[in-house]
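Observations on the three-dimensional arrangement
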Amino acid sequence: MELGLKGKVALVAASSQGLGRAIAEELVKEGAHVMITSRNPDKLHKVKEELTEKYSGLVEYKACDLSNADEINQLVEETVKRFGTIDLLVNNAGGPPSGLFEQMSDEDWQKSFELNLLSHVRLIRSVIPYMRGKGGKIVNIASSSVKEPIPGLILSNTFRLGIVGLTKTLASELAPYKILINTAAPGRIATDRVASLDQAAADRQGISVSEVEEEAKRKIPSGRYGKPSEFAAYVLFLLSDANSYMTGQTHLIDGGMVKSV
């Protein structure tokens, strides 16, 4: 299948590790030119070195706090300065703290809103001028919680659903610009984030992490956690020329875990 990603310019948020890094790697492997970003410049430098040693696509990086509007604007400007335009955007952000409703302060809610929803809004708004007319692809990373809330993740459950509403609404508004936008919702993918959530669940329940993992696997028809590369491969399809008609949709990549229709 011809993906048509060679030479395309992609901005991948929160890409120094986890799902974002896996997506960036798949794009670079296909010959795309990728701007990676996170708050940690040392991690970004290491990822750039690793990817440029292995693949033909170009990689640049810029540190960015995705909860800061000015830094987002600077990130987009730097991407265009380095590569000339932006064809593809992957909106991603680190997950908010776990916890119950009564444990969360106004500050917790505000921080999560700015990082996990408003960052998506700001990045989309900033890249539209470079996609308008010639077209583009946007993928917003959410969570399986958009279909089935996850206990102990009140912040994530709330703002990830906001991403779905944003995506669905923008599908109509951006279609005249030839921009397709979709949401990718991961289930139990083996990342540091999921490992930390498993540890938090183990602490709450007074059991071992391995017991938490085994219980989770029993609920997944595929019987295992997904690999970041498996999730990234699906996102790659949504970003590619192979996807020419799908927009406004929410795609679960969860091994069959979520039971809702």
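**Quick word on the environment of Pro97**
Inspection of the secondary structure assignment puts Pro97 in the loop between strand S4 (88-91) and helix H4 (106-131). Judged by relative accessible area, Pro97 falls into the partly exposed class, the value being 49%. Between the C-alpha atom of Pro97 and that of Glu213, which follows or precedes it by 116 residues, the distance is 19 Å. Aside from chain neighbours lying at most four places away, what touches Pro97 is Met104 and Leu155.

**Notes on the sheet that holds strand S1 (residues 9-12)**
Spatially, seven strands are ordered S3-S2-S1-S4-S5-S6-S7 in an open sheet, and the strand pairing comes out parallel. Strand pairing shows two members of the sheet lacking a second neighbour, strand S3 (59-61) and strand S7 (250-253), which therefore form its edges. Strand-to-strand twist in this sheet, taken as the mean axis angle between neighbours without regard to direction, amounts to 20°. Sheet topology note: the S4/strand S5 (residues 136-141) ladder contains four bridges and is parallel. Counterpart to Val90 in the pairing with S5 is Val139. Across the face of the sheet, helix H3 (residues 69-83) comes into contact with S1, strand S2 (33-36) and S3 while running at roughly 150° to S2. Together, S5, strand S6 (179-186) and S7 form the strand contacts of helix H5 (residues 154-174), whose direction differs from that of S6 by roughly 160°.

**Points about the pairing of S6**
Counting buried residues in S6 gives eight out of eight residues, a clear majority hidden from the surface. Bridge count between S5 and S6: six bridges; the pairing is parallel. Across the sheet, the residue bridging to Gly136 is Ile179, located in S6. Each parallel crossover has a hand, and the one from S5 via H5 to S6 is right-handed.

Rules and cut-offs
Residues numbered from 1 in each chain as written. Predicted model: local features only at pLDDT ≥ 70, side-chain atom pairs only at ≥ 80, totals over all residues. Heavy atoms only, no water. Helix = DSSP H or I, 4+ residues; strand = E, 2+ residues; numbered from the N terminus. Buried < 20%, exposed > 50% of the residue type's maximum accessible area, 1.4 Å probe, protein only. Contact = heavy atoms within 4.5 Å. Pairing = 2+ DSSP bridges. Axes fitted to C-alpha atoms, helices over the stretch in contact; angles between N-to-C directions. Right-handed = clockwise from strand over helix to strand, strands pointing away.

Geometry only, nothing functional implied.
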